[in-house]
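Next come the chains, spelled out residue by residue.
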Amino acid sequence: MFVCGYHFPASEGNDVSFEKVIEKVEDGTSAAGKTVTLTSETREGVQLEELTVPAGTFAHTAFVDYYENIAEMEGEFKMVYYTNKYQISEISKSVDGDTTKDLCKKLDDMNLYRVKVA
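1. Notes on the overall build of the protein chain
Consideration 1: When its secondary structure is counted, the protein chain shows four helices and six strands.
Consideration 2: For the protein chain, the succession of helices and strands along the chain, N to C, is β-β-α-β-β-α-β-α-α-β.
Consideration 3: For 118 residues, the compact-globule estimate of 2.2 N^0.38 gives 13 Å, and the protein chain sits close to it at 14 Å.
Consideration 4: The dimensions of the protein chain, computed from C-alpha atoms along their principal axes, are 40 × 30 × 30 Å.
Consideration 5: The proportion of buried residues among the 118 residues of the protein chain is 42%.
Consideration 6: For the protein chain, the exposed area adds up to about 6600 Å²; of that, 49% sits on carbon and sulfur atoms.
Consideration 7: Across the protein chain, 12 positive and 21 negative side-chain charges occur, with their mean positions spaced 4 Å apart.

2. Regarding helix H1 (residues 18-26)
Consideration 1: If you check which residues of H1 are buried, you get Val-21, Ile-22 and Val-25. Seen along its axis, H1 keeps its buried residues to an arc of 100°; they face one direction. In H1, the exposed positions angled more than 90 degrees off the buried face are occupied by Glu-19 and Glu-23.
Consideration 2: The first or second residue beyond H1 is Gly-28, which carries a positive phi of 80°.

The rules behind these values
Residues numbered from 1 in each chain as written. Predicted model: local features only at pLDDT ≥ 70, side-chain atom pairs only at ≥ 80, totals over all residues. Heavy atoms only, no water. Helix = DSSP H or I, 4+ residues; strand = E, 2+ residues; numbered from the N terminus. Rg over C-alpha atoms; globule rule 2.2 N^0.38 Å. Buried < 20%, exposed > 50% of the residue type's maximum accessible area, 1.4 Å probe, protein only. Areas by Shrake-Rupley, 256 points an atom, 1.4 Å probe, with all protein chains shown as cover. Lys, Arg positive; Asp, Glu negative; His and termini not counted. Charge placed at Lys NZ, Arg CZ, Asp CG, Glu CD. Arc of directions from axis to C-beta.

Right, here's the structure in full:
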């Protein structure tokens, strides 16, 4: 099972605890002082909006980790695909609460998102 780009034993099935995922994401990832910007667009490439992920949240750390360690693309922006953004959103909803509530609602859509970390 892959969650947020990390492999977990098949014996855990679809029941990997959020705590285990958070531990893997935070291990070796320093998100302090970094800004995460998400740009949403349609599959036709029409840019819809630019979102800033609140610092100090799981979502912030997860997108920094994704950008630096998981995404295989080169360049200033990296695409985050549905499975990864949905998994980040689900965990963030439960641990970040209202801080990322509006952001997570947007991440549950079918639009494409580009991630930029500065």
